Amino acid sequence: MYASQTTYHRAGSVSEAVRLLSENEGAKILAGGHSLIPLMKLRLSSPEALVDIGRIESLKGITGKDGAVCIGALATHAEIASSDVVSERVPLLAEAAGKVGDPAVRNRGTIGGNVSHADPSSDLPTVLTALDASYCVTGPGGERTIAAADFATGLLETALGENEVLTCVCVPSEPSGSGSAYVKFSHPASRYAVLGAAAVLTADGGRCSSASVAIGGVEPMAARSASAEAALAGSDLSDGALDAAAAAVCGDFGDNVLEDIFASSEYRKAMGPVYVRRALCEARARMG
Amino acid sequence: MTMRVFGSGIRRREDPRLITGRASYTDDIKLQGMAHAAILRSPYAHARIRSVDTSGVEGQPGVLAVFTGEDTDGVLNGIPCAWLIPESDLKTPDHPAIAKDRVRYVGDAVAVVVAESRYEAEDALERIEVDYEPLEVVVSPREAAQDGAPQIHDDVPNNVAFTWALAGGDTDEAFSNADVTVGDTIMLQRLIANAMEPRSAIAQWVGPTGDLTLWSTSQNPHIARFLTSVVTGVPEHKVRVIAPEVGGGFGSKIPYYPDEAVTAFCSMKLGIPVKWTETRSEDYQITTQGRDHVEEVEMAATSDGKITGLRTTVYAGLGAYLSTASPGIPTILHGLMYSGPYDIPNISGTIYGVFNNGAPVDAYRGAGRPEATMLIERLVDLLAAKLDVDPVEVRRKNFIPAFEDGHDVATGITYDSGDYNATLDICLDAADYASLRARQADARKEGRHVGIGVGTYVEICGLGPSQVAGAVGFQGGLWESAIVRFHPTGKVNVMVGSSPHGQGEETTFAQIVAGEVGVDVDDVEVIHGDTDITPMGWGTYGSRTTAVSGAAVAVATRKIKEKSKALAAHLLEAAAEDIEYEGGRFFVRGSPDQHKTIQDIALMANVAWDMPEGMEPGLEASAFYDPPNFTYPFGAHLAVVEVDAQTGHVELQQYYAVDDCGVQINPMIVEGQVHGGVVQGAGPALWEGAVYDDDGQLLTGSMLDYALPRADLLPEIEVLSNTTPSPHHPLGVKGIGEAGTIASTAAVYNAVMDALRPLGVSGVDMPLTPEKVWRAINQSQNGG
Amino acid sequence: MKVPVEMTINGRSYCGEVEPRQLLVHFIREEAGLTGTKVGCDTSQCGSCTVRLDGIGVKSCTALTVQADGSSITTIEGLSDGVELHPLQEAFWNKHGLQCGFCTPGMILAAAELLRTNPSPTRDEIRHGLEGNICRCTGYQNIVLAVEEAAGKMGGS
């Protein structure tokens, strides 16, 4: 409840943030603070300096672009969940954002902070992986883009380079006529996802023309299930097809399955197909 | 016509300050020149302390002092246990406020820093170097009692603090003659009370006068004063304990903790006020927890379902040290309740109180009775399953028939009054039990797993006659006192020694006064929580405040009424026997126009211009009420759940609570107590449980892992009641604070087992988390 | 290294120099002396510290004071003048939506946030809207009824 001493630097622009990060060794970026401050309160994180990017105007806002939605890193979960353009183009993201934490957390936690924290029990990385989102980052060497699937590199680890700032998340619109769903097994205490399953289904002439399935909470990083997607591709999306696809997800789990006192790795693995099945079923029902 | 006040659900008088943020809890208090303490706690569950090096703290910003066990040793006396149960070979090992040589649980205090701010005190804690030699750890109370288990206290062999036995009838005979027996091993996991207000203490020592004032989050400030005196050596009359607004307790604010003593020590050393407030993570480590029973239980019965015997062996974890009341919880408040609402002729139990390397265990809402109710109601359901009869029928067959004035049970206690069939009838009617069972059958045909569980109970509360308190080793009395003071304007102050902290007695006690002498409820102010201005009392716990303290208020007010009658007779120039009372007016029989209001009397008594010969001035009365017996509320609860067999998730869908707490002073408050109690009992059935690993590390160390019930996890609770007045209580009340918690764990647990029975699952340890339920289903389906 | 901050709390302006690590709830309680806002946990779970920050309900234990520099804050003390109660305060009183009262300021502010975004919630929506706030006394039932009553009185606006 009482964080360690630190210094505070407020950035007025992305370039200033990058400069402040470079100048202050051991600095951490502070946006909404909903990943960092809880750790600081318990002294599990004691950054020597904080670079506050929370007032950088260019990082705010949600805009629709050609076939995509661009979401500023400072957009809060509540803003995303209630955004018309998000709901129209990427309803899966709106659904997941509305299930993060609780209302007060959603009011202050940001998409940038959330994905930069790379917590596998978080909701957004799972759906952003399913949606083939890409992350725009700015660092001393300029700007670059990282695919959602490549962003997290391990438990609480990302491809963000030293002194790089995540500025924007670009999410391609869900295909027209598709259906999507995010089904969450919420931890009763923390409200993090013990397991989250995301699915996007598109059909053409009664056959599945594209399928995207991602699972979070089981492995150190949210990941797509290639086996489930392969099983769905070209299928008739019947109950049997969904069953087969759901059953296939187990084959994609590696050796490093998460476990805690609430849910063992064996249980998480077993719940994978169950939650994927439910997400697929819901996504199918929402296809238009 | 005035509204009937006693018995009506009026809004609470304490609420305006609470809903506007104007109430003052301990941590809200800021004294001039106050410093802040932070306590360094052992990261080991069991270790020898080789050395404590505080040199790194010196000269750190804001630091005023650092103290270790070396400093408090010989200055502070040990933290006492105050319930020394007789005939039990109880051992009471030393419990130093700050550990000097050895730590015995994660959280044991090792040093304290006092600084200008809490942030600075926390910074300094990180600079203290402690060299520990880790020792072997034992967590399970049953394992701790076995030969060869790590020894937590050198002078307590096998960690067994006490062995307490109970026997009524001939249980062995009952079991050897039984047609059927059922048995189980029930794990009642450790629970963390989670009063929303963390514990806090402010000590202010005034050296020149020798006065020590302690603001403390206590349920019983008078006991806290007594124990502060014992531990610090400051004479009792120079200690003032103030429990300001207290944010819930549920038993966890009964004990006298090392932290209060250490805070007082710091203030006495430095001569300035010192505040200590626990963080929530600290609370999880150090504040007393509840339950921690391993219960090996069995029941004997005839083939037609008549219970003939009950036998138990219970290992009750006590944690690393004895807390204030801990020995009494698994014995007096548990074993004596083994008959429940049933006529069971033969009952025996052996209870081992066992030290283990965890936070001390003490009273937690229900304290002993949920643990008893759980085992009885579990066995009754197992018996019903074995006999293949409806569990409701087994209950009916064994209920003690309705009685109004005393019924002896085999454990040796005498229930005051009861009508157990009545509450069950009301409950089953409200829930439409037959339809529920039909719905369940339909659901099963669809492959859905609906379960219905019943929990019936009798509890012991209104603690209690002081003579019994003495006989069972409670190192205090259990009476309560009240002063009722009428001011000249007819307004009233009531001072009580009990210390409500959310239960609403500022309202219900005002209703008692209003009901007795006809003043407006808003004209009565109830004062509590300050040992300098309230009369002696033993505190608020065990559902005793309304039952015992309320009785004292009623008796004192009746004395006021008698005096008022005599004064009215004098002023109206009539004989006292001709004075009648109605609705706040005293009048001459047959001439209601000739009257004096209670306000007239209050004025005349206070000015004392015209008093009858020999009558003292003033209108004030005090009463000391020592109850002639405990009270025994009872009830029947019913839960409906549905289990998702694929995931193991349990959804609590419906809940019915029917409680008989005797006469109700404020039904709205009664209902609120039931709501909260039910949820606190459902919590451990489904979500709550403190988990220590084999090294004694608390894995559920914060609200991130310890799952407290939240609004979205719960159904609406339907609350109904019946009224069987207590025959021995001046107002007929019994008590309601714990009832919900006592019944609901069993009701919810039984409902889940009812849902799982067709799947072949007969038992799962609580809490019934999805994984545990899923595993049980899998094992059963796979023939495991 | 302290940092200057200024903010408006309940219509009054406060300024001072604070350590960057200071939590907003500590500024509100210790510097502004507004102790109606409570600290019930240290993991952002319990919601006892909920306040309105620039019009939006947030947990003040999960914000640094420096982040709130220049902001406008409403705490339980500022929700009404204490004489004329806010409809939520009145409803919590009417419906017995509190017992020990410790979670109540945060619960009322969380309920206010719910009604800001959903003026006419169903009981189920109320329960979900309050999922970030823990009460150990009431079992939530009367809190739900209180929020429902207040929503009705506030006319869904």
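What you are looking at is a predicted structure, and each value in this text was computed from that prediction instead of being measured.

Some points on the overall build of chain C
Working step 1: Within chain C, the regular secondary structure consists of 6 helices and 5 strands.
Working step 2: Along chain C, helices (α) and strands (β) appear in the sequence β-β-α-β-β-β-α-α-α-α-α when read from the amino end.
Working step 3: Its C-alpha atoms give chain C a radius of gyration of 15 Å, within 12% of the compact-globule value 15 Å for 157 residues.
Working step 4: Based on the C-alpha atoms only, the size of chain C along its principal axes is roughly 50 × 30 × 25 Å.
Working step 5: Long-range pairs, those at least 24 residues apart, make up 56% of the contacts in chain C with a sequence separation of at least 6.
Working step 6: When the accessible surface of chain C is totalled, it reaches about 4,700 Å², and 48% of it is carbon and sulfur.
Working step 7: Of the side chains in chain C, 13 bear a positive and 18 a negative charge, and the two mean positions are spaced by 6 Å.

What about the domain arrangement of chain B?
Residues and elements named next belong to chain B.
Working step 1: According to the domain assignment, chain B contains domain 1 (18-135 + 196-248 + 253-286), domain 2 (365-462 + 630-781) and domain 3 (479-625).
Working step 2: Once you take the C-alpha centre of each, domain 1 and domain 2 turn out to be 38 Å apart.
Working step 3: Each partner contributes to the interface: domain 1 provides 9 residues, whereas domain 2 provides 10 residues.
Working step 4: Where domain 1 abuts domain 2, roughly 660 Å² becomes buried across the two surfaces, and 59% of that area is made up of carbon and sulfur atoms.
Working step 5: Interface area lost by domain 1 to domain 2 is led by Ala45, Val106 and Tyr284, which between them contribute 64%.

Side note on the packing of helix α12 (residues 265-286) of chain A against helix α19 (residues 770-781) of chain B
Between two packed helices, what matters for the description is the angle formed by their axes and the separation of those axes.
Working step 1: As a packed pair, α12(A) and α19(B) sit with axes 11 Å apart at the nearest point and diverge in direction by 80 degrees. Overall, the two elements α12(A) and α19(B) adopt an arrangement that is roughly perpendicular. Seen from α12(A), the contacting residues are A:Glu266, A:Tyr267, A:Ala270 and A:Met271; seen from α19(B), they are B:Pro770, B:Glu771, B:Trp774 and B:Arg775.
Working step 2: Classifying every residue of the contact of α12(A) with α19(B) by side-chain character gives 5 nonpolar, no polar and 3 charged.

Details of the state of the cysteines
Put plainly, two cysteines are in a disulfide when a covalent bond ties their sulfur atoms together.
Residue and element names in this part refer to chain C.
Working step 1: Tallied over the full model, the rule gives 0 disulfides over all chains.
Working step 2: Considering cysteine sulfurs only, Cys61 is the nearest to Cys49, which forms no disulfide, with 3.6 Å between them.
Working step 3: Cys135 forms no disulfide, and the closest cysteine sulfur to it belongs to Cys103, at a distance of 3.8 Å.
Working step 4: Owing to a relative accessible area of 7%, Cys135 belongs among the buried residues under this scheme.

Quick word on helix α1 (residues 14-23) of chain A
All names here are of chain A.
Working step 1: When we look at burial in α1, the residues that qualify are Val14, Ala17, Val18, Leu20 and Leu21. Mapping the buried residues of α1 onto a view down its axis gives an arc of 165 degrees, with all of them on the same face.
Working step 2: Each element contacted by the buried residues of α1 is listed here: β1 (7-10), β2 (27-30), β3 (49-52), β6 (134-139) and β10 (165-172).

Description of the interface of chain A and chain B
Working step 1: Taken together, the contacts link 24 residues of chain A with 28 residues of chain B.
Working step 2: Taken over both partners, the interface formed by chain A and chain B buries close to 2,200 Å², and the fraction arising from carbon and sulfur atoms is 57%.
Working step 3: The largest per-residue losses of area from chain A upon contact with chain B belong to A:Tyr2, A:Arg43 and A:Ile261, which jointly make up 27% of the total buried on that side.
Working step 4: At the surface where chain A touches chain B, the tally comes to 5 salt bridges.
Working step 5: Taken together, the links from chain A to chain B amount to 11 residue pairs in polar contact (both at pLDDT 80 or more).
Working step 6: Broken down by element, the residue count for the side of chain A that touches chain B peaks at 7 residues, all from α12(A).
Working step 7: Looking at the side of chain A that touches chain B residue by residue, the classes come out as 15 nonpolar, 5 polar and 4 charged.

Topic: the nonpolar core
Working step 1: Counting 213 residues, the largest nonpolar core has B:Tyr415, B:Leu638, B:Leu756, C:Phe92 and C:Val147 as its most contacted members.
Working step 2: Examining the composition of this core, we find that 12 residues originate from one element, helix α18 (residues 739-756) of chain B, more than from any other.
Working step 3: Once residues lying within four places of it in the same chain are set aside, the contact partners of B:Leu756 are B:Val643, B:Val761, B:Val764, B:Val773 and B:Ile777.
Working step 4: Core analysis: the second largest hydrophobic core is formed by 49 residues, B:Val5, B:Leu567, B:Ala623 and B:Tyr625 among them.

What about the sheet that holds strand β13 (residues 289-301) of chain B?
Residues and elements named next belong to chain B.
Working step 1: Spatially, 5 strands are ordered β7-β15-β14-β13-β8 in an open sheet, and the strand pairing comes out mixed. Both edges of this open sheet fall to β7 (160-168) and β8 (180-192), since each of them pairs with a single strand only. Sheet twist, expressed as the average angle between the axes of neighbouring strands with direction ignored, equals 10 degrees.

A look at the confidence of the model for chain C
Working step 1: Across chain C, the average pLDDT comes to 96, with 99% of residues at or above 70.
Working step 2: This complex was scored by the predictor with a pTM of 0.97 and an ipTM of 0.98.

Some points on the side chain of B:Asn493
All names here are of chain B.
Working step 1: With respect to the element layout, Asn493 can be found in strand β20 (residues 492-496).
Working step 2: Reaching out from Asn493, the side chain makes a polar contact with the backbone oxygen of Glu525 at a distance of 3.4 Å.
Working step 3: For Asn493, the contacting residues outside a window of four places in its chain are Ile483, Val484, Arg485, His487, Glu525 and Ile527.

Overview of the sheet that holds strand β4 (residues 102-103) of chain B
Working step 1: Spatially, the 3 strands line up as an open sheet ordered β4-β2-β6 (chain B), and their pairing is antiparallel. Because the sheet does not close on itself, it has two edges, and the strands there are β4 and β6 (129-134) of chain B.

Some points on the environment of A:Ser13
Residues and elements named next belong to chain A.
Working step 1: Turning to its location among the elements, Ser13 is positioned in the loop between β1 and α1.
Working step 2: C-alpha separation for the pair Ser13 and Ala104, spaced 91 residues apart in sequence, amounts to 27 Å.
Working step 3: In this structure the side chain of Ser13 is engaged in a polar contact, spanning 3.1 Å, whose partner is the side chain of Ser15.

Regarding the side chain of A:His187
Working step 1: Following the sequence through the fold, A:His187 ends up in the loop between β11 (179-186) and β12 (193-204).
Working step 2: Contacts of A:His187, omitting those with residues within four sequence positions, involve A:Tyr192, A:Val194, A:Phe262, B:Leu704 and B:Asp705.

Reading guide: rules and limits
- Residues numbered from 1 in each chain as written.
- Chains lettered and ligands numbered in written order.
- Predicted model: local features only at pLDDT ≥ 70, side-chain atom pairs only at ≥ 80, totals over all residues.
- Heavy atoms only, no water.
- Helix = DSSP H or I, 4+ residues; strand = E, 2+ residues; numbered from the N terminus.
- Rg over C-alpha atoms; globule rule 2.2 N^0.38 Å.
- Contact = heavy atoms within 4.5 Å.
- Areas by Shrake-Rupley, 256 points an atom, 1.4 Å probe, with all protein chains shown as cover.
- Lys, Arg positive; Asp, Glu negative; His and termini not counted.
- Charge placed at Lys NZ, Arg CZ, Asp CG, Glu CD.
- Domains from an automatic or database assignment.
- Buried area = accessible area lost by both parts, 1.4 Å probe.
- Axes fitted to C-alpha atoms, helices over the stretch in contact; angles between N-to-C directions.
- Parallel < 35°, antiparallel > 145°, perpendicular 65-115°, else oblique.
- Nonpolar A, V, L, I, M, F, W, Y, C, P; charged D, E, K, R; others polar.
- Disulfide = S-S within 2.5 Å.
- Buried < 20%, exposed > 50% of the residue type's maximum accessible area, 1.4 Å probe, protein only.
- Arc of directions from axis to C-beta.
- Salt bridge = Lys/Arg side-chain N within 4 Å of Asp/Glu carboxyl O.
- Polar contact = N/O pair within 3.5 Å; in protein donor to acceptor, adjacent residues only side chain to side chain.
- Core = buried A, V, L, I, M, F, W, Y, C linked by side-chain atoms within 4.5 Å.
- Pairing = 2+ DSSP bridges.
- pLDDT = per-residue confidence, 0-100.

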